[in-house]
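A closer look at the structure
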Amino acid sequence: LAGQTVQRAAVRSRTYVEERLTDGELFYRLQDYVRASIIFTDLVENFSNHPSYPDALFLLSDSLFSAGDYLGARGRFRQILDRSEDFAFRPFLQRALGRLIEIAIHTRNFDGVEEYFSRLSRLPPSEIEAATTYYRAKYLYSRAVPAEDAATPGTEGPSIDLAALDQARQAFEGVAEGSPFYPQSRYFVGVIY
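Bear in mind the structure is a predicted one, so any value in this text is a computation, not a measurement. (Residues numbered from 1 in each chain as written. Predicted model: local features only at pLDDT ≥ 70, side-chain atom pairs only at ≥ 80, totals over all residues. Heavy atoms only, no water.)

One pass over the full model with this rule turns up 15 aromatic pairs. Residues Y187 and F188 carry aromatic rings whose centres are separated by 5.4 Å and whose planes lie at 75 degrees to one another, so their mutual orientation is edge-to-face. An aromatic cluster is present here, built from Y134, Y135, Y141, F172, F181, Y187 and F188 joined pairwise through their rings. Over the face of the ring belonging to F58 we find R95, whose NZ or CZ atom lies 4.6 Å from the ring centre. (Phe/Tyr/Trp six-rings, centres within 6.5 Å; stacked < 30°, edge-to-face > 60°. Lys NZ or Arg CZ within 6 Å of the ring centre and 35° of its normal.)

Taken residue by residue, helix α10 (residues 182-192) has S185, F188, V189 and I192 as its buried positions. The buried residues of α10 occupy an angular sector of 105 degrees when projected down its axis, which confines them to one face. Projecting away from the buried face of α10 at angles above 90 degrees are the exposed residues P183 and Y187. (Buried < 20%, exposed > 50% of the residue type's maximum accessible area, 1.4 Å probe, protein only. Helix = DSSP H or I, 4+ residues; strand = E, 2+ residues; numbered from the N terminus. Arc of directions from axis to C-beta.)

For helix α3 (residues 33-46), with 14 residues, the first-to-last C-alpha span of 20 Å sits near the 20 Å given by 1.5 Å per residue. Looking only at α3, the buried set comprises Y33, A36, S37, I39, F40, L43 and V44. Each buried residue of α3 lies within a common arc of 165 degrees when the element is viewed along its axis, so the set occupies one face. For α3, exposure combined with an orientation more than 90 degrees from the buried face picks out V34, I38 and N46. (Expected span 1.5 Å × (residues − 1).)

Moving on, we come to empty space enclosed by the protein. Enumeration over the complete set of coordinates arrives at one cavity of 30 Å³ or more. Counted as a void, the largest cavity has a volume near 30 Å³. Around the largest cavity, the lining residues are R74, R78, L100, I103, A104, N109, D111, V113 and Y116. Elements with a minimum of two residues in the lining of the largest cavity: α5 (70-82), α6 (90-107) and α7 (113-120). With three residues, the single largest contributor to the lining of the largest cavity is α6. (1 Å grid on protein atoms, 1.4 Å probe; cavity = no way out; pocket = protein on both sides within 12 Å on 5 of 7 lines; lining within 4 Å. Points joined across faces, edges and corners; volume = space filled by probe spheres on them.)

Applying the stated criterion to the full structure yields 10 salt bridges. Across the pair D32 and R35 runs a salt bridge whose closest N-O atoms are separated by 3.5 Å. Overlapping salt bridges, with partners in common, bring together D62, R99 and E102 in one network. (Salt bridge = Lys/Arg side-chain N within 4 Å of Asp/Glu carboxyl O.)

A separate point is the side chain of S37. The topology assignment puts S37 in helix α3. A relative accessible area of 10% means that S37 is categorised as buried. A polar contact of 2.7 Å, which involves the side chain of S37, links it to the backbone oxygen of V34. (Polar contact = N/O pair within 3.5 Å; in protein donor to acceptor, adjacent residues only side chain to side chain.)

Set out below in structure tokens:
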């Protein structure tokens, strides 16, 4: 027995993944997103069949986003949306969609955003939260009103697509009154007017 090598997996406790997930969450809550993302990357890459995989994938995605790695975060959030039919990923769909919209706004790259909404429209209406309506409206608003730095030098400012802006207004007005996104949607309606 002394000459036998011990397999690395045999050294780990049976709760290794849960322990590492807790470690990663601790760094995440302490806003040390780089360390958190390292731990979550290990879990996502090596334990894709574990029940904690959806949690680890979302926390990895959000850690990357919070660390400013928008492209890395976009790829990971897309993985969550790719698994939208899987019940284990459903609690993360709305937040992943919201972050993808924020990334599109930050990077001014709206390619594929319509596909995100198309995927979510396949879910039962009872599972679609007010957040989806709000994020869609925010996406339409961002498409209609170009970023200030997109203005051509020497011109009065960026050109606004009024038809798209009216679509955004209608979408903001569709946010339910009791939802947590209602005040923000009212703000955007006022800005549009």
